[in-house]
There are 2 protein chains.
Amino acid sequence: MSDFGEEIYGFRNARLATMTGDSGYGLIDGYVIWDEDQILHIGKDIPDQFKNAEITDLEGRLVTPGLIDCHTHLVYAGSRAKEFEMRLEGKSYAEIATAGGGIVNTVSATRAASEDELLTQTLARLDNLLAEGVTTVEVKSGYGLDEATEHKMLTVARELEHNRLVNIQTTYLGAHAIPKGMTADDYIDDVCIPALRSAHEKHLVDAVDGFCETIGFTPAQIARVFDAAKDLGLPIKLHAEQLSDQGGAQLAAKYNALSADHLEYISDAGIADMVEAGVVAGILPGAFYFLGETQKPPIEKFRAASVPMAVATDSNPGSSPMTSILLAMNMAATLFGLTPEECLRGVTVNAAWALGLTDCGRLAPGLRADLAVWDVEHPAELTYRMGDAPLHRRIFGGIPC
Amino acid sequence: MSDFGEEIYGFRNARLATMTGDSGYGLIDGYVIWDEDQILHIGKDIPDQFKNAEITDLEGRLVTPGLIDCHTHLVYAGSRAKEFEMRLEGKSYAEIATAGGGIVNTVSATRAASEDELLTQTLARLDNLLAEGVTTVEVKSGYGLDEATEHKMLTVARELEHNRLVNIQTTYLGAHAIPKGMTADDYIDDVCIPALRSAHEKHLVDAVDGFCETIGFTPAQIARVFDAAKDLGLPIKLHAEQLSDQGGAQLAAKYNALSADHLEYISDAGIADMVEAGVVAGILPGAFYFLGETQKPPIEKFRAASVPMAVATDSNPGSSPMTSILLAMNMAATLFGLTPEECLRGVTVNAAWALGLTDCGRLAPGLRADLAVWDVEHPAELTYRMGDAPLHRRIFGGIPC
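The structure displayed is predicted, hence computed values, not measured ones.

Draft legend 1. Broad picture of the interface of chain B and chain A. Taken together, the contact between chain B and chain A spans 38 residues of the former and 38 residues of the latter. For the chain B and chain A pair, buried surface summed over both sides reaches about 3200 Å², with 63% attributable to carbon and sulfur atoms. The three residues of chain B that bury the most area against chain A are Tyr289, Tyr384 and Met386 of chain B, which together make up 27% of that side's buried surface. Across the chain B-chain A interface, the total number found is 0 salt bridges. One can count 20 residue pairs in polar contact (both at pLDDT 80 or more) joining chain B with chain A. Secondary-structure elements contributing two or more residues to the side of chain B that touches chain A are helix H1 (81-88), helix H10 (285-290), helix H12 (325-336), helix H13 (340-346) and helix H15 (380-384) of chain B. For the side of chain B that touches chain A, the element with the highest residue contribution is H12 of chain B, accounting for 6 residues. Looking at the side of chain B that touches chain A, its residues break down into 18 nonpolar, 12 polar and 8 charged.

Following this line, the structure appears as C-alpha cells:
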C-alpha cells in the first residue's frame, strides 16, 4: 500500500468494530473497502466491483474507527513537573505560587514561546496520541489570556495538520482563567470576546469553550462569551461542574452546546437539561485521578437518562499531564465504572458527536476512511490494558500512516 | 556507536541522576564513560585517559540508571479482558467464574500454551518495558501450579534474555494459588516444594516468593516453602498484607527476605521487623488502582522508619494488566503520595536492593553500564507524565539498544 493513489484499498479477515447502532460494538467479521475520499463498503463478503482492490489480509485483527480525543489542551509551553514535585514534597500552595507554580507558569511560558517552539513541544505530545490510533484531536487555546497568544495557540493547533496526518478541531478557550491585574468582567469584555472575534476572522476557531467555576468564570460571564459565539455562528462547549455545581450544564444546554465536560458535581436538573438539548457528557478521568478528587460524575444517571458519554484525555500540564487516550479509557472504566464498550463509544461515535462531526467515529460507507488496526482480538482489550498501545496500523483519510 | 567492540564510550553534556547517596537524585552535570564491562567514570570533567573515548553530546539530556521492574508476573498466556468487561457490565462473581474467569483462566491458558507461544506473548509485554528504559526485570512463575508448567514459565523467563538485551531475574512463585482438586497443604508439600527443588536443579530459580493471604496460603504453609528455599540457598520474597494482615511481613523478616510486597495492611510490628531485617517494601500501586482498593500502604510510616521503598508494575493479567514502569511511578506518586524522587529510587537503587543486585540501579564506576537517556531536563518529569515514555536511548551492558 506504499503507492497510494486513486486506487481502492481494503482489508479482509478483519474484525470490524463499526460502532454503528445504539449500543454494542457493531462487530462484523469481513471486509472494509475504501478510497481516499471515503469508506466504500463494509461487510462479510466483497462485492464484485471491488474485486480488483488492493486487499490486505488482517488475519483476524480488530479494526476500530480512528480514535477521537475530543477534549485536550495540547498546545502549551513549559512543564509543571517541578510544581508536581513540590506538592508531593509537602510544600504549601503559597510556596509553590512563589516559586512560579500554577496556571500562571504555563501562561508565562506559552506567551514567551515562539510559534516554532510551541509547535515542536506540541508535536511530541500529539505523536503519543497518534501512536495510539488517534485520527482526530480537539485542541483548545486558553494559556494566552491575551489576543496575540490566544491566536498563536490556535495557529499552532492548525499547524499540527500540516505536520502530521491528523484532523484538528480548534476550540477557543479564552475564558479559561483571569489574567493578573484584571477583573473577570473586564477580561471577558475587553480581551476575551474581542480576541474571539478577531480569531474567527482569521478562521482559527471551530468551537468556543469556557471554564465555569468558582475559580473560573460565572455563568453570566460565560453567557456573554457564548452570545458572542452565537453571533459568529460557532458551536459551544463548556467545562462544567468540575469542582462545584454552578449550573453550567443548564447554561450549556440553553446554548445547545455540543458537550459539557467534567460534570462531577452536576445536578439532576442539569442532567435533565442536557438530555433535552442533546448535549454530550465529556468524561475526563485524568484530572479526577491526578488531582486526587473523590466526587465522581454520576455515570449511572447518565446511563439511565441515555446521555451520550464521550471520554477524553483532557491533556494539560496542570491537572492531567496525560497523552494516552487508551489510559483515559482505562481510567474511565477503572475509576468511574464505564464499560469497555462505553469507553470505546466515548472515543469514537460519541467523541465525534461532542465535536459536531458526522463524518467520522463510525465505520460505514460514506464516512471518512479513518481507521485504527489493533493487534488484539477483542475490543475490551483496548480499555483493559494499562500502558500498552497495541496499535498495528493507522489509516488516516484512506492513507496508511 | 554502531561498531561496538572493545572501545570506550561516553556521554558529555549529560545530566546524570546517579541515585547514589542516601537521598536526592545525586545529580551531576558532565560525563559518563563506560566500556562493555562497567561504568569507568562519572564526573564534571573527563580524565585524560578517556580523551580518546567515543563521546556523544547529550545536549543536557537526563541520564538515569537503567530502570528495574522488580515485581512482575510477565510470563502468562491468554487475556482477562473479557472478565474485566463482564465485571464492569455488572456480572456476578459466579457468572464470571462460570464463564471461565479468574486465575483459573490464566492457569489453563498457560498450561495449554507452548513455550514458543508463551515467549511470543511475553516478549510483546517486555518490549513495552524496554521502550521505557528498563534494563532489568524480575519475572515470577505461578500460573502453572504443576511442575511442568512452573518450569516452562521459568524457562521462558530465562529465554527472554536470549531474545532481548535485558537482565532477567527469575522468581519461583509456586505458592501463588491452590490448584483445583487439592488442599493447600497437599499442594505445598507434594507439588510446590518438589517442583522448586527440581527447578533449582535446572538453574531456573533466582529467588522464591509466595502469596500469604486468606485467599492464598497461611504463614505456616509459606514457611515450609521458605525452609526449602533456605536449604537450597535461595533468597526470599513475599506477597504480604495485600488484602489483610496475615503477619506476612514478620515472616518475611524472619527469613531475611529481600522484599515484602504490597503491604497495604501491614502492622506497626511488621514494619519494625522489616526495619530490623533490612527488608525492602515493594510498593505496587497497579493492583490497588485496578482492583479499586481503598486501603493504602502506610508510606509515611515507611518513610519515618527509613524502610527502603521499591516501585514495580506487578504486571499480571488479573490485578494489574500494566506494562508501564513510568505509569507505576505516576500511580505511586498520585495514589500513594510518594515523591518523584522516591519513585525514581523505587525503580533504580531500591529495586536493585529488592532483587539482591549490587551491580546496577545506580551510576558509579565499577557498576554495569545500564543507562536510560531521556528527552527531559528534570527527573521529576518521569513520574509526572502520564502515558508518555520520553526515552531517548537505552544502553544495556554498555551496548546502545
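From this point on, the discussion continues.
Draft legend 2. The arrangement of the confidence of the model for chain A in detail. Residue and element names in this part refer to chain A. When pLDDT is averaged along chain A, the result is 96, and 99% of the positions lie at 70 or above. The least confident element of chain A is helix H2 (residues 93-98), whose mean pLDDT is 85; the most confident is strand E6 (residues 67-69), at 99. For this predicted complex, the interface confidence reaches an ipTM of 0.96, while the overall pTM sits at 0.97.

Draft legend 3. Geometry of the packing of helix H4 (residues 115-130) of chain B against helix H5 (residues 147-163) of chain B. All names here are of chain B. Two numbers describe how H4 lies on H5: the axes approach to 9 Å, and their chain directions differ by 55°. Compared by their axis directions, H4 and H5 come out oblique. Here H4 and H5 pass one another in a crossing that is right-handed. Contact with H4, carried on its side by Glu115, Leu118, Leu119, Thr122, Leu123 and Leu126, involves Lys152, Thr155, Val156, Glu159, Leu160 and Asn163 of H5 and no other residues of that element. Tallied by class, the residues present in the contact of H4 with H5 amount to 6 nonpolar, 3 polar and 3 charged.

Definitions and limits used
Residues numbered from 1 in each chain as written. Chains lettered and ligands numbered in written order. Predicted model: local features only at pLDDT ≥ 70, side-chain atom pairs only at ≥ 80, totals over all residues. Heavy atoms only, no water. Contact = heavy atoms within 4.5 Å. Buried area = accessible area lost by both parts, 1.4 Å probe. Salt bridge = Lys/Arg side-chain N within 4 Å of Asp/Glu carboxyl O. Polar contact = N/O pair within 3.5 Å; in protein donor to acceptor, adjacent residues only side chain to side chain. Helix = DSSP H or I, 4+ residues; strand = E, 2+ residues; numbered from the N terminus. Nonpolar A, V, L, I, M, F, W, Y, C, P; charged D, E, K, R; others polar. pLDDT = per-residue confidence, 0-100. Axes fitted to C-alpha atoms, helices over the stretch in contact; angles between N-to-C directions. Parallel < 35°, antiparallel > 145°, perpendicular 65-115°, else oblique. Left-handed = near helix turned anticlockwise from the far one by under 90°.

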